[in-house]
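# Close look at the chain arrangement
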Amino acid sequence: MRILFTFENSLASTEADAEVFTTTARYLAALTERSWMHVPVAEGDAAIVAERVSGLTVVPAHAPARPAALRHFLCGLTLPFRAEFKQADLVYTRNLWVAWMALLFGQRVAFDHYRPWPDQIPPLQYWLYRLVGHRRFIVKICHSEYTRRKYLALGLPEDKVRCIRNGFEPARFQARIPVAEAKRRIGVEPDRKTVVYTGRVNHKKGLALAIEAARLRPDVLFILVGSYGEGPIEVMARDVPNVRIVPYQTADALADYIYAADILLIPPSRLPLAEFGSTVLPLKVFFYLASGRPILAGQTPDVAEVLRHDENAYLCPPDSPAELVAGIDALLTDPARAHRLAEAALSDSQGYTWAARAARIHALIQERLTTPAPARRPWGKAEFRAWFGQSRDWLRHLLRTRALVLPPRPDPGTPPSAAVDRP
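Residues numbered from 1 in each chain as written. Predicted model: local features only at pLDDT ≥ 70, side-chain atom pairs only at ≥ 80, totals over all residues. Heavy atoms only, no water.

### Focus on the pairing of strand E6 (residues 137–142)
Counted residue by residue, E6 has six buried out of six residues, so it is predominantly covered. Two elements, strand E5 (residues 109–112) and E6, share four bridges in a ladder whose sense is parallel. By the bridge assignment, valine 109 is partnered in E6 with phenylalanine 137. Pairing of E6 with strand E7 (residues 161–163), which is carried by three bridges, proceeds in the parallel orientation. Paired with cysteine 142 across the strands is cysteine 163, a residue of E7. In this fold, E6 hands off to helix H8 (residues 145–152), which returns the chain to E7; that crossover is right-handed. (Buried < 20%, exposed > 50% of the residue type's maximum accessible area, 1.4 Å probe, protein only. Helix = DSSP H or I, 4+ residues; strand = E, 2+ residues; numbered from the N terminus. Pairing = 2+ DSSP bridges. Right-handed = clockwise from strand over helix to strand, strands pointing away.)

### Observations concerning the sheet that holds strand E3 (residues 57–60)
Reading across from one edge, E3-E2-E1-E4-E5-E6-E7 is the order of the seven strands in this open sheet, with parallel pairing throughout. Of all the strands in the sheet, just E3 and E7 have a single pairing partner and so form its edges. In this sheet, neighbouring strand axes are inclined to one another by 25° on average, regardless of whether the strands run parallel or antiparallel. (Axes fitted to C-alpha atoms, helices over the stretch in contact; angles between N-to-C directions.)

### Examining unusual backbone geometry
The peptide bond linking arginine 66 to proline 67 adopts the cis configuration, its omega dihedral lying at -5°. Structurally, proline 67 is set in the loop between E3 and helix H3 (68–78). The phi angle at aspartate 319 is positive, at roughly 65°, despite the residue not being glycine. Summarising the element assignment, aspartate 319 is placed in the loop between strand E13 (314–316) and helix H15 (321–332). One non-glycine residue, arginine 402, lies in the positive phi region at around 60°. Within the secondary structure, arginine 402 is located in the segment after helix H18 (381–401). Under the relative-accessibility criterion, arginine 402 is labelled exposed at 78%.

### A word on the sheet that holds E13
Here we have six strands laid out as an open sheet, ordered E10-E9-E8-E11-E12-E13, and parallel in their pairing. Edge positions in the sheet fall to strand E10 (243–247) and E13, since each has one partner strand and no second. The average angle at which neighbouring strand axes cross in this sheet is 25°, direction not considered. As judged from the two bridges shared by strand E11 (residues 263–265) and strand E12 (residues 295–298), these two strands associate in the parallel manner. Paired with leucine 264 across the strands is isoleucine 295, a residue of E12. Where helix H10 (residues 207–216) meets the sheet, its contacts fall on strand E8 (194–198), strand E9 (221–227), E10 and E11, and the angle it forms with E9 comes to roughly 155°. (Contact = heavy atoms within 4.5 Å.)

### Focus: the pattern of salt bridges
Summed over all chains, the structure comprises 23 salt bridges. Between aspartate 310 and arginine 337 there is a salt bridge whose closest N-O contact spans 2.9 Å. A residue pair is termed long-range when its members are at least 10 positions apart, and aspartate 310 in the loop between E12 and E13 and arginine 337 in helix H16 (residues 335–349) qualify at 27 residues. Exposure remark for aspartate 310: the relative accessible area of 28% places this residue in the partly exposed category. (Salt bridge = Lys/Arg side-chain N within 4 Å of Asp/Glu carboxyl O.)

### Some words on the environment of histidine 113
Within the secondary structure layout, histidine 113 lies in the loop between E5 and helix H6 (117–120). You can call histidine 113 buried: its relative accessible area is 5%. Within the structure, histidine 113 has its side chain in polar contact with the side chain of arginine 94 (distance 3.1 Å). (Polar contact = N/O pair within 3.5 Å; in protein donor to acceptor, adjacent residues only side chain to side chain.)

### Considering the confidence of the model for the protein chain
Scored by pLDDT, the protein chain has a mean of 91; 93% of the residues are at 70 or more. Note that pLDDT drops below 50 for residues 412–419; the model gives that stretch 17 contacts with residues more than four away or on any other chain. (pLDDT = per-residue confidence, 0-100.)

### Observations concerning the environment of proline 170
One can find proline 170 in the loop between E7 and helix H9 (179–185). Residue classification places proline 170 among the partly exposed positions, given a relative accessible area of 34%. Along the sequence, proline 170 and threonine 353 sit 183 residues apart, while their C-alpha atoms lie 6.8 Å from each other.

### Concerning the packing of aromatic side chains
The relation between two aromatic rings is expressed through the spacing of the ring centres and the mutual angle of the planes. This model, assessed by the stated rule, comprises 24 aromatic pairs. Ring geometry for tryptophan 387 and phenylalanine 388: centres 5.1 Å apart, planes at 20°, overall stacked. Aromatic rings pair up to connect Tyr126, Tyr129, Trp379, Phe384, Trp387 and Phe388 into one cluster. Directly above the aromatic system of phenylalanine 287 lies the positively charged group of arginine 172, at a separation of 4.9 Å from the ring centroid. (Phe/Tyr/Trp six-rings, centres within 6.5 Å; stacked < 30°, edge-to-face > 60°. Lys NZ or Arg CZ within 6 Å of the ring centre and 35° of its normal.)

### Here we look at the pairing of E10
Of the strand pairs in this sheet, E9 and E10 are connected by five bridges, and their pairing is parallel. Across the sheet, the residue bridging to leucine 224 is isoleucine 245, located in E10. Handedness of the crossover is the feature at issue here: the chain leaves E9, passes through helix H11 (residues 232–237), returns alongside E10, and the resulting connection is right-handed.

### Looking at the state of the cysteines
Taken as a whole and assessed by the stated rule, the structure comprises zero disulfides. Cysteine 142 takes part in no disulfide bond, and the closest cysteine sulfur to it belongs to cysteine 163, at a distance of 6.8 Å. Taking the relative accessible area as the measure of exposure, cysteine 142 reaches 0% and is therefore buried. (Disulfide = S-S within 2.5 Å.)

### Some words on the nonpolar core
In terms of nonpolar packing, the biggest core is built from 36 residues, with Ile223, Val285, Leu289, Ile295, Val306 and Leu307 touching the most fellow members. Among the elements of the structure, E9, helix H12 (251–259), helix H14 (284–291) and E12 are those that each provide at least two residues to this core. With six residues, the top contributor of residues to this core is H14. Non-local contacts of isoleucine 295, meaning those with residues more than four positions away in its chain, are made with Leu264, Ile266, Tyr288, Leu289, Leu307, Asn312, Ala313, Tyr314, Leu331 and Ala345. Grouped together as the second largest cluster of nonpolar side chains are 31 residues, Val59, Leu96, Phe111 and Val161 included. (Core = buried A, V, L, I, M, F, W, Y, C linked by side-chain atoms within 4.5 Å.)

Below, the structure is given as C-alpha cells:
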C-alpha cells in the first residue's frame, strides 16, 4: 500500500490537528510500502523540519504560506499534478477541498477528521452526502461516535463511516513522577491541593467555569497550562489568587504539571462542542487516561464515550460551578475513590496508543480497498426538506450571531452497528 498524506498547514505547529495528523501518518506509514507527506513548505530548512516532525518524505506543495485561504486552495488545486499523486494507492487527508480534488482526478480518498460538519454547517449536507458516498471515497474516519452519527444521519452507509478514536504517546509516560516531587518542580507546596488543566487557554474551552470554581474553593490551586498571551481568561483570572496561568509547555515540561495534579480537569462545559464546535472529544482525554491521575470532566456526549462516571473518571453536570466544586470535593475528600478512578483510567488507556490507532486504520483501509463500495440511501423529498430547513436555521443563526457553527441538534442516537473500532 502506498499513501500520499496531505496537510495544508505548517508542521512547525503546536495545534492539536497537526499532532493528530502527523502522528497518525508516522505510525501508519510504518505499515505501508511507501508514503509521502504533501505539505506547504519551502525547500531547505522548512522541508527538513517537516520531515523531522512527520517522519515521512516531504513533497513540498506549490502554495504560499499566506493567506491561509489561498494556501489551502492551491494545495488542493496543484496536488493532482504531482508525480506522487499518481504513484499512490490513495490520498489520506483531513481537508474536504483536497478530498474533492483528489476524487475529481481519479484518486481514492481516506478522510480523517473530527468535526461533525453535517450538524455544524447544514448547507454542506448534500455535498457531503455526494462526496463521501462516491465510490472512490473509501472511508470517512471520525474521532468520535458522536461525529459518526451525524454523518450516518445523511443516509451514508455504516461501513463507509467509521469511528477510530485518537491516542497518546506511551513514551511520554514512562518516567512517572511522584505527586510531591512534581509539585516541587513547578513550585507548589507538596500539601497544596491542585486542579490542573492543560491545553489552549482561551474562552472557547469552558475555562471561565474553572475560574468561577476557583473563587468558590480558594484553598485549592487551579493551574491552567497553555497560555499564548493576554486573553479573556487571563484577564478574568487576574484577581483570583488561587489561579495560576502558565504559558504553553513542551511535552517534556508538561509532564511535571500533569503529575503535579491531584485532579486533571477537562472543563465541564457545553461551550466547546455546542457554541464553538472546535472541540469534539478533546485529545487531552487520552493522555489524561494514561497519566494515572484522577480525571474530572463533564457529562457531555462526546467525552462520555470514553470517560464513564465513577468508573474511570468523575463526570459532573455541565455548566455549573457548584457541580464542578462538588466534583472536586468528592475526589479530594475521598483518596481511595480518586485512586480507584485513576487506576481504571490507566488500564483503559492501553488500547488508545497511536500505534494501536494506526493499526486499526491500516486494517480498515485494506478492508475498504478490497470490498465493493456500499450503496448510500437515496435522498427523497423528506431528506431534501430536512436539508432546506436546517440550512435555513443555520442562515438565521449566522445573521443573528455571525457564528458559522450552528448549535447541535438532538443526537439521533447510536445506530446498531459493529462499525465502531473499539480498543
